[in-house]
Amino acid sequence: MPKSQVRKKKVYTPPTDVRPTAMAATRKPSPVWLPVTAVALIVAGIGWLVIYYLSEQAYPVMSWGYWNLAVGFGAMVGSLVLLSRWR
């Protein structure tokens, strides 16, 4: 039985209007305040929670009660949002 011929395919090159541009080279680095603010929010959130637990829920704001937990965790979540935008 004769052997079939092997086709040589051309290498695909996408059209120039569809080709992705170098976006990574044009993106600017993050400003200096962004990581500094994120770290400050992490430290403030952890500090708020530690003070809340060690003072037996009397400080930082006694009238807020368990909302002090929301403030501490909210600060830490805010820092995660900022860090997600860091380049």
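Structure: above.
Residues numbered from 1 in each chain as written. Predicted model: local features only at pLDDT ≥ 70, side-chain atom pairs only at ≥ 80, totals over all residues. Heavy atoms only, no water.

Regarding helix 2 (residues 33-54)
Moving on, step 1. For helix 2, spanning 22 residues, the distance from its first C-alpha to its last is 31 Å, which sits close to the expected 32 Å at 1.5 Å a residue.
Moving on, step 2. What helix 2 keeps buried is the set Leu 34, Pro 35, Ala 38, Gly 45, Leu 49 and Tyr 52. Burial along helix 2 is one-sided: seen end-on, the buried residues are contained in an arc of 135°. Of the exposed residues in helix 2, those oriented more than 90 degrees away from the buried face are Trp 33, Val 36, Val 43 and Leu 54.
Moving on, step 3. Considering only its buried residues, helix 2 is in contact with helix 3 (67-84).
Moving on, step 4. Phi turns positive one or two residues past the end of helix 2, at Glu 56, with a value near 55°. (Helix = DSSP H or I, 4+ residues; strand = E, 2+ residues; numbered from the N terminus. Expected span 1.5 Å × (residues − 1). Buried < 20%, exposed > 50% of the residue type's maximum accessible area, 1.4 Å probe, protein only. Arc of directions from axis to C-beta. Contact = heavy atoms within 4.5 Å.)

Side note on the packing of helix 2 against helix 3
Moving on, step 1. Two elements in contact, helix 2 and helix 3, have axes whose closest approach is 8 Å; the angle formed by their N-to-C orientations is 160°. Compared by their axis directions, helix 2 and helix 3 come out roughly antiparallel. For the element pair helix 2 and helix 3, the recorded crossing hand is left-handed. Judged by residue contacts, Trp 33, Leu 34, Thr 37, Ala 38, Leu 41, Ile 42, Gly 45, Ile 46, Trp 48, Leu 49, Tyr 52 and Tyr 53 of helix 2 engage Asn 68, Leu 69, Val 71, Gly 72, Phe 73, Ala 75, Met 76, Gly 78, Ser 79, Leu 82 and Leu 83 from helix 3.
Moving on, step 2. Along the lines of polarity and charge, the residues of the contact of helix 2 with helix 3 split into 17 nonpolar, six polar and no charged. (Axes fitted to C-alpha atoms, helices over the stretch in contact; angles between N-to-C directions. Parallel < 35°, antiparallel > 145°, perpendicular 65-115°, else oblique. Left-handed = near helix turned anticlockwise from the far one by under 90°. Nonpolar A, V, L, I, M, F, W, Y, C, P; charged D, E, K, R; others polar.)

Quick notes on the packing of aromatic side chains
Moving on, step 1. Under the definition given, this model contains two aromatic pairs.
Moving on, step 2. Taken together, a centroid distance of 6.2 Å and an interplanar angle of 25° make the contact between Trp 48 and Trp 64 stacked. Residue Trp 48 is found in helix 2, and its partner Trp 64 is found in the loop between helix 2 and helix 3; the two are separated by 16 residues along the sequence.
Moving on, step 3. Looking at Trp 48, the relative accessible area reads 24%, which means it is partly exposed.
Moving on, step 4. Exposure remark for Trp 64: the relative accessible area of 41% places this residue in the partly exposed category.
Moving on, step 5. Their ring planes at 65° and their centres at 5.7 Å tell us that Tyr 52 and Tyr 53 sit as a pair that is edge-to-face.
Moving on, step 6. Tyr 53 gets classed as exposed once you look at its relative accessible area, which sits at 52%. (Phe/Tyr/Trp six-rings, centres within 6.5 Å; stacked < 30°, edge-to-face > 60°.)

Honestly, it's all geometry; don't read function into it.
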